[in-house]
Each structure stands twice: as structure tokens, then as C-alpha cells.
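Results of the structural survey
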Amino acid sequence: MLSAAARNRSSCYAAVFAACTRTRSTVSITNLNVNDRLASSLPLPATATTIHNRTMTTKAVAKEKVCLIGSGNWGSAIAKIVGRNVQQHAEFDKEVKMWVFEELVNGEKLTDIINAKHENVKYLPNIKLPPNVRAVPDLVETCFDATVLVFVVPHQFVKGVCQDLLGRIRPDAKAISLIKGVDVSATGLTLISDLIKAQLGVDVSVLMGANIANEVAEENFCETTVGYSDPDNAEVMHKIFHSPYFRVSCVGDVAGVEICGALKNVVALGAGFVDGLKYGDNTKAAIIRLGLLEMKKFAQTFYSGVKDETFLESCGVADLITTCYGGRNRRVAEAMVVTGKSFEVLEREMLNGQKLQGTLTAKEVYEILSIRGLTKDFPLFTTIYRIAFEALPASHLVRDL
């Protein structure tokens, strides 16, 4: 929930919102290049004159301003890319505020450490962040003046974050979710992007791919996929994230990209069970193939318009392979089989404060399949759930398929 200090700043935020929504001239985009088109989508100063289908202003056109909601392992790796990229494009404000859930590390506030050392010593040690990335412990202060909200928190915290931001962000803001998960309630399945859109009333793109955070932070080459519904916003997201070592492809399939990102963590649990059982690479390859088929079937069962080709993007087969060989969900699932410890215990012992996404998503997927009477149509997802939550022996992973 918001702090008293945050609520006391509401008058300041209101002034910013008023400035963003004041009356402004209409802009023609005829014959404008890409940068002109991007600029024309932003709020214009009050004083403007149109000459030969081009808008000339007496003040600088407002700039895109990016903020990061989340500062864990993945959020910090992305902060490094975003912080660099905004400095390379004139249409972006150079400061990037990053919301940090405040905690103490060796008696010091984590935000103070990040801002002094330009390093997230707890969640991404030994990686320097650009000096224009500023850690902020207050969520609303981080977001109130941003035009681009980058969501990168565990998916179980998204509802609370959105509730705290409701009515406290710019009316022209847009968002992108890097969150891999889904939300399940009595009414059915909801994508995280749809949840953000419904609560905040903003357009939401998604970014998913074969992107293990530490490898991205070390600048090892990889690809990622941005799913979008608004092509203009896709241009902005491409500039924010694309780099020589982080290649971005944009596809018009938000649901397909996002479901891939969520469900691959469930399959990774199965890959971890295989490793714990010492079944070998042939068995793991079979689990990956069957997992991809169930991912595609699930996506196209619950969402119309999901494209077959999306599963061949980085968000699909590439992310699935990477997660089944190198991700935290695979690693902890293997440890569960080897040690007999619960996921809850292993999460505390192995992840340094980070959260597993695969177990929660497996539970949520099973809930929606049960409601719809589809558990027999998804034998891999169902068996992974039963091993994780019903004490089914891990060897049933292959027996029950």
C-alpha cells in the first residue's frame, strides 16, 4: 500500500497530470519520418503553429520517459539495457527511475547502495548499472511522470502494484510487461497484460524470450520477442530494448507471446524432474517437445487469434529450451527430486529472495483446466501439477503421459 509520504505528494502529481492533458494543436503526420511520427504522438506544448503539414513549436517537444517497476535479477539486467538506450535516442528523457522494494543489505538501504555504487549487490552483483538509472523506494514517485511503464515484478504482486498506481500515472502512459505468469480467478484465466490494461487503462505490450538474466547482464548475445497491439508503441519499445547483444523482434500477437512466457516455466519443472531422476537428454527432449505442443494447444484453446509462427520466435521454442536447461525453475525442481525437500523450502534456500514462477503458474493452469474439464487433454501439465502439489512420485512424469 502507499505510504503517507506518497499520499502527501498527490497535489504535485495532479499538477503533472493537468499539464499532460491540456488542450493542444492537432498534428498532421503527412511526410513525417519515424522520429517525427514518434514525437507527434507525445503531448505538445500549448504554443504551436502548423506550417506546410509540419508542426513548429516554440518549446521542445515532450520526451518519452521510461521507468522500471521492479529491481530483481531480471529487472536489474533490463535496467542496464534501458539506461544505455535512452541515452542514445534524442526523443527520450535520460533519467530512468527504478522502483526498488526497500530492504537492508548489511545494514544499508538497498536503494542507497544502488545509487552510490550503481550495482544491485543483492540481486545482480558484479554488474554495473548506468549512472542514469536511479533507484527509488516509492512506487508512485517512480511512475507518476513516466510515459513508459516497464513491469518486471513477480506476477503475484501485479494487482497490488496496479491498485497503488490507479489514478496516479500519466493519462498518455503506455506499458510493457516482462512478467511471466497468468492470473486465475473464479471468472477464468487473465493474462498479466490484460490485468494491467484493465486496472490502469493503458496499452500494454509484452516482452518474452530466451533471456536468462545473468547472461543478458554479461552481454552474451540473445534474442527476445515483443508482442504488441499498437504498432507505434512497438517502435518505442524496440528503441528502448534493442541492442547489439539483445536483438528484439516485434510481432502482433500479445496473447501468444505472453502465454509462451508463462507456460514454459511449467514445462521447465518437468525438465527438472527428469534431471533429478537422471533420465537423460532423450527424455528431456521428449518433455520439451510435448510441452511445446501443450503450450500451443493451451494458447489456442483459450485465446483466439494466437499465431502458429509465434511459437517459433524467441518467446516460444527458444525460451522453452533455455529454461529447460538453465533456468531457476528447472534447477529447483531437480533439487526437489534429489533432496525430497518442498518447493517452499528450496525457494528460501536456493533463490536469495527471488520467487519461483513455475510452481504458481502450474497451480493456476491446473485450476483453469479443472474448471473447464480439460485435465485429460493436457497430461503433461496435469502430471507436473500432481508431482509438485499432490506428492505424486516424479517417476510418473513419463508413466502418466
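Quantities reported herein were computed from a predicted structural model and do not represent experimental measurements.

Conventions we followed
Residues numbered from 1 in each chain as written. Predicted model: local features only at pLDDT ≥ 70, side-chain atom pairs only at ≥ 80, totals over all residues. Heavy atoms only, no water. Helix = DSSP H or I, 4+ residues; strand = E, 2+ residues; numbered from the N terminus. Buried < 20%, exposed > 50% of the residue type's maximum accessible area, 1.4 Å probe, protein only. Contact = heavy atoms within 4.5 Å. Areas by Shrake-Rupley, 256 points an atom, 1.4 Å probe, with all protein chains shown as cover. Pairing = 2+ DSSP bridges. Axes fitted to C-alpha atoms, helices over the stretch in contact; angles between N-to-C directions. Polar contact = N/O pair within 3.5 Å; in protein donor to acceptor, adjacent residues only side chain to side chain. Salt bridge = Lys/Arg side-chain N within 4 Å of Asp/Glu carboxyl O. Parallel < 35°, antiparallel > 145°, perpendicular 65-115°, else oblique. Left-handed = near helix turned anticlockwise from the far one by under 90°. Nonpolar A, V, L, I, M, F, W, Y, C, P; charged D, E, K, R; others polar. Arc of directions from axis to C-beta. Expected span 1.5 Å × (residues − 1). Bend = angle between axes of the 7 residues up to and from the residue.

Summing up its helical and strand segments, the chain has 18 helices and 14 strands in all. The 401 residues of the chain split such that 52% are buried. If you take every contact in the chain between residues at least 6 apart in sequence, the share linking residues at least 24 apart comes to 71%. Surface summary for the chain: the accessible area is close to 17,300 Å², and the carbon and sulfur share equals 51%.

Take the sheet that holds strand β12 (residues 204–208) next. Across a sheet, strands are paired by hydrogen bonds formed along the backbone, either parallel or antiparallel in direction. What the eight strands build is an open sheet, ordered β7-β4-β3-β8-β9-β12-β13-β14; its pairing is mixed. At either margin of the open sheet sits one strand with a lone partner, and together these are β7 (133–136) and β14 (246–251). Pairwise comparison of adjacent strand axes, ignoring direction, gives a mean angle of 25° for this sheet. Each of β4 (96–99) and β7 touches helix α5 (residues 110–117); the most contacted strand, β7, lies at about 165° to it. With respect to the sheet, helix α11 (residues 254–277) is in contact with β12, β13 (222–227) and β14, its orientation differing from that of β12 by roughly 40°.

Turning to the side chain of serine 76, a few remarks are in order. Summarising the element assignment, serine 76 is placed in helix α4 (residues 73–86). Note on serine 76: relative accessible area 0%, which makes it buried. Engagement of the side chain of serine 76 in a polar contact is seen with the backbone oxygen of glycine 72, the distance being 2.8 Å. Non-local contacts of serine 76, meaning those with residues more than four positions away in its chain, are made with Ser71, Asn120, Leu124 and Leu129.

For the rest of this paragraph, the subject is the pattern of salt bridges. Where side chains of opposite charge bring their charged atoms close, a pairing between them can arise. Evaluation of the coordinates by the stated rule reveals 23 salt bridges. When the shortest N-O distance is used, the salt bridge between aspartate 275 and lysine 284 registers 2.8 Å. Of the two residues, aspartate 275 and lysine 284, both sit in the buried class. Linking aspartate 275 and arginine 330 is a salt bridge whose minimum nitrogen-to-oxygen distance equals 2.8 Å. Taken together, the positions of aspartate 275 in helix α11 and arginine 330 in helix α14 (residues 328–339) put the pair 55 residues apart, joining distant regions of the chain. Pair check on accessibility: aspartate 275 and arginine 330 agree, each one buried. Here the salt bridges share partners, and the residues they tie into one network are Lys65, Asp93, Glu95 and Arg134.

What follows concerns the packing of α11 against α14. Following both chains from N to C, one finds α11 and α14 inclined at 40°, their axes separated by 7 Å at the closest point. Regarding the angle of α11 to α14, the classification is oblique. In this structure, the crossing between α11 and α14 has a hand that is right-handed. Contacts from Asn265, Ala268, Leu269, Ala271, Gly272, Phe273, Asp275, Gly276 and Leu277 in α11 reach Asn329, Arg330, Ala333, Glu334, Met336, Val337 and Val338 in α14. Looking at side-chain class alone, the contact of α11 with α14 contains nine nonpolar, four polar and three charged residues.

Okay, the environment of serine 314 next. Along the polypeptide, serine 314 turns up in helix α13 (residues 314–326). The exposure class assigned to serine 314 is buried, which follows from its relative accessible area of 6%. Along the backbone, serine 314 and cysteine 222 are 92 residues apart, and their C-alpha atoms lie at a distance of 8.8 Å. Contact partners of serine 314, with chain neighbours within four places excluded, come to Gly209, Ala210, Glu223, Thr224, Thr225 and Asp319.

A few words on α5. Residues of α5 that are buried: Leu110, Thr111, Ile113 and Ile114. Across the axial projection of α5, the buried residues extend over an arc of 160°, all falling on one side. For α5, the elements touching its buried residues are β4, β5 (104–105), β6 (108–109) and β7. Looking one or two residues past α5, histidine 118 carries a phi angle of roughly 55°, positive in sign.

End to end, α13 covers just 15 Å across 13 residues, shorter than the expected 18 Å (1.5 Å per residue, more than 12% under). Of all the bends in α13, the greatest measures close to 25° and is centred on leucine 320. Considered for burial, the residues of α13 that qualify are Ser314, Cys315, Gly316, Asp319, Leu320, Thr323 and Cys324. Turning to α13, the residues buried within the fold contact β12, β13, α11, α12 (281–302) and α14.

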